[in-house]
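Coordinates in review
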Amino acid sequence: MCSNEAMSMTPLECLEKYYGHSSFRATQKEIISTVMAGHDALALMPTSGGKSVCFQIPGLLRPGICIVVSPLISLMKDQVDNLHKKGIRATMITSESDEAERNSAFVAARNDRLDFIYVSPERMMTQSMIDLISEKEIALFAIDEAHCVSTWGHSFRPEYSRLAEVMAFSPDTPRLAVTATANEQTQKDIYELLELDGPVFVQSFLRENITISCSENDSQDIIDDNILQEVVKNRDSKGIIYCLTRKECTRIGDFLTAQGLRAHVYHAGLEREDRELVQARFAHGPTSIMIATMGFGMGIDIPDIRYVIHNGLPGTAEAYYQEIGRGGRDGRQSKAIAFYTPGTTEYIRKQCDARDNAFHNARNYAQALLGNTCRVQGIMKCLGETIAEPCGKCDACKRPAFDMSSEESIDIIDHILRITRDGQQNLSLKDYVDMEDQRASSLHNMDQAFINGFIDYDTPYNQFAKSKICLSEKGLSWLNGERSPVLLVGREFPEMKNEIAIDTKLYTERQKQVFNALVGMRETIALDTGIPDQDILSDGAINELTLYPVSTVNMLHNIKGSNIPERYAERIMDALSTGRRQKKTHKLFL
């Protein structure tokens, strides 16, 4: 189906013509060479690592149609649109395609007028697709975001587990599976379910330009305030807020809109046209805040997302890392900020329940984000990668919570395990909390007991049913007297060295707006450069700039004790201008 021009190109010439690059990244060349030779492959590459190039170039250079199986309509549309811009013939067939669209696609394919067909796993199973695959020469089967084969193939989208049946109708066609996150079990699932027979290419998943923070909050109201604070501080940047449900997306969208912020909501419950419009506005237009469920952003090349906020933790480490990877695709610094309420380990355990080593996987993931050690090292461990040194940038590295004393930790574990045993392992988390005095502290302690391996949850298949708290082997051994030292993470934090030491209560409303803008500007520069806050602009200088009118760069030098570096002068002036223009003060003060 490819033009004679494309068929005669080398992979490097194709890269230069259609993608504008003069050399391949990391393992791209080896992956493409493997597929060009007719062999299967599994490629694990970081987000923004150039996965699509690995199947699009062979799809152009090998004879026949390249069929790309993709999980999300938004992802397909983004890639098909990009191929059209390159002058490459591509279409998509999804559950939302009407009969005329599907017929048009099949006619074009049978008349050699298509190079790529993007298809959902459900449409891949139809007789029309099977007939096409049987009749026409297929250049390549590409399975994009292949971790979905493992994550969804067991129950949620069983068609994923049957893709090999359809691909068998073109037995000589190579199969390439690509993904940005896959631990050892996920890799095994992909390889076996897709019946691959070829090498596995693994690049490091590490994204050093993403700074991770994760914090426990006693209530959703507190989380809402924290989300608002982060959005206001980053109001000139593009960001995504992920929620666990459509209902929560709508609620957070309404909440931010009520504060005068421009935010849009994206989830599968919207009409197709509405989703496409919202996505386009976020990618190219005025919308800077997107509130979405997990599907938004997968594989979509929006390079300038500066922050990703999680309103509640995703169920698996793979999902979490996929989502934070949508920030900073341009290589610049991006923030990954997660807020959760105590008791979240039960939800994590439920999400991992259908998979092998579920208890182990859920514990490692919870430890990474709820524990007191480097977040990056923890998440990379979940993905099967070892990072030798702590990142030094995440919240756990910069400001770890205080550990409880050994005596307090032992008393808490004793208490939880005895209640669990006395309840004949038939207590739900709610039952346990109802027996305690302080709800948040009790749930926090239960999270810590799970993270440290003392308890597990007997999670029913029904996601809405209550899980039962049960003793793990370690918990049983503890009750039998086999004890080892344990230190649980407390809920207290040391004072921040760089915390603003300014009494803002006497500021006018306009001065508060200026203060907010200056603090946000300082934090952005610190995140981009790694320079400490106080070395960029001291608290005293922020106070002086807030209180006294400064209208030119030269006037900055008259600020008492400012010592403002010349390279930040223009950005400070921009922040002052932004603060003075704002019409509405958002909550940044305690």
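See above for the structure.
Residues numbered from 1 in each chain as written. Predicted model: local features only at pLDDT ≥ 70, side-chain atom pairs only at ≥ 80, totals over all residues. Heavy atoms only, no water.

Our next topic: the overall build of the protein. Within the protein, the regular secondary structure consists of 28 helices and 15 strands. Out of the 590 residues belonging to the protein, those deemed buried represent 56%. When the accessible area of the protein is evaluated, it comes to approximately 26,000 Å², of which 48% is carbon and sulfur surface. (Helix = DSSP H or I, 4+ residues; strand = E, 2+ residues; numbered from the N terminus. Buried < 20%, exposed > 50% of the residue type's maximum accessible area, 1.4 Å probe, protein only. Areas by Shrake-Rupley, 256 points an atom, 1.4 Å probe, with all protein chains shown as cover.)

The next thing to look at is the pairing of strand β9 (residues 238–243). The buried fraction of β9 is high, at 6 of 6 residues. Side chains K238, I240 and Y242 project from β9 onto one buried face, and the interleaved G239, I241 and C243 project onto a second face that is buried too. One ladder, built from 6 bridges, connects β9 with strand β12 (residues 305–311); its direction is parallel. Note on β12: the bridge partner recorded for I240 is V308. When β9 meets strand β11 (residues 289–292), the two strands line up parallel, connected through 4 bridges. When the sheet's bridge partners are listed, I240 is paired in β11 with M290. (Pairing = 2+ DSSP bridges.)

Now for the environment of G371. By secondary structure assignment, the location of G371 is in the loop between α17 (358–370) and α18 (375–382). Its relative accessible area of 5% is what places G371 among the buried residues. C-alpha separation for the pair G371 and I451, spaced 80 residues apart in sequence, amounts to 7.6 Å. Once residues lying within four places of it in the same chain are set aside, the contact partners of G371 are A366, I451 and V489. (Contact = heavy atoms within 4.5 Å.)

Turning our eyes to something else, we now look at empty space enclosed by the protein. Any empty space left between atoms is shown by rolling a water-sized probe over those atoms. By the definition in use, this model includes 2 cavities of 30 Å³ or more. Volume-wise, the largest cavity comes out at about 50 Å³. Lining the largest cavity, in full, are I73, S74, K77, E96, Y266, R272, R275, E276 and Q279. Of all the secondary-structure elements, those providing two or more residues to the lining of the largest cavity are α5 (73–85) and α14 (272–284). Tallying contributions element by element places α14 first for the lining of the largest cavity, with 4 residues. Partitioned by chemical class, the residues of the lining of the largest cavity number 2 nonpolar, 2 polar and 5 charged. Put simply, the second largest cavity is a space of about 40 Å³. (1 Å grid on protein atoms, 1.4 Å probe; cavity = no way out; pocket = protein on both sides within 12 Å on 5 of 7 lines; lining within 4 Å. Points joined across faces, edges and corners; volume = space filled by probe spheres on them. Nonpolar A, V, L, I, M, F, W, Y, C, P; charged D, E, K, R; others polar.)

Within the secondary structure layout, D115 lies in the loop between α6 (99–110) and β4 (116–119). Judged by relative accessible area, D115 falls into the buried class, the value being 5%. Sequence separation between D115 and C66 is 49 residues; the distance between their C-alpha atoms is 6.1 Å. A polar side-chain atom of D115 sits 2.8 Å from a polar atom in the side chain of R89. (Polar contact = N/O pair within 3.5 Å; in protein donor to acceptor, adjacent residues only side chain to side chain.)

What follows is about the pattern of salt bridges. Counted by the stated rule, this structure contains 19 salt bridges. Between E230 and K233 there is a salt bridge, with its nearest N and O atoms 3.6 Å apart. One end of the pair, E230, and the other, K233, are both in helix α12 (residues 220–233), 3 residues apart, so they sit about a helical turn from each other. Overall, the relative accessible area of 14% leaves K233 in the buried class. Between R306 and D330 there is a salt bridge, and its shortest N-O distance comes to 2.9 Å. (Salt bridge = Lys/Arg side-chain N within 4 Å of Asp/Glu carboxyl O.)

A separate point is the state of the cysteines. Tallied over the entire structure, the rule returns 0 disulfides. Among the cysteines around C394, which has no disulfide bond, C397 carries the closest sulfur, lying 3.6 Å off. What makes C394 buried here is its relative accessible area of 1%. (Disulfide = S-S within 2.5 Å.)

The next point concerns unusual backbone geometry. Leaving glycine aside, a negative phi is the common case for residues, and trans is the common case for peptide bonds. Residue D112 is not a glycine yet carries a positive backbone phi of 60°. Within the secondary structure, D112 is located in the loop between α6 and β4. Phi is positive for E195, which is not a glycine, with a value near 55°. Within the secondary structure layout, E195 lies in the loop between α11 (184–193) and β7 (200–202).

The next thing to look at is the pairing of strand β3 (residues 90–93). Relative to β4, β3 runs parallel, the two being bridged by 4 bridges. The residue of β4 that forms the bridge with I93 is V119. The β-α-β motif built from β3, the intervening α6 and the parallel element β4 has right-handed crossover chirality. (Right-handed = clockwise from strand over helix to strand, strands pointing away.)

Read across the open sheet, the 6 strands follow the order β8-β13-β12-β9-β11-β10; overall the sheet is parallel. The sheet is open, and its two edges are formed by β8 (210–216) and β10 (263–266), each paired on a single side. For this sheet, the mean inter-axis angle between neighbouring strands, taken without regard to orientation, is 15°. As defined by bridge partners, β8 adjoins strand β13 (residues 334–340) across 7 bridges and the pair is classed as parallel. Residue pairing for β13: S213 is matched across the bridge by I337. Against the sheet, helix α13 (residues 246–258) engages β9, β10, β11 and β12, with an angle of about 155° to β11. Along the sheet, α14 contacts β9, β10, β11 and β12; its crossing angle with β10, the most-contacted strand, is approximately 135°. (Axes fitted to C-alpha atoms, helices over the stretch in contact; angles between N-to-C directions.)

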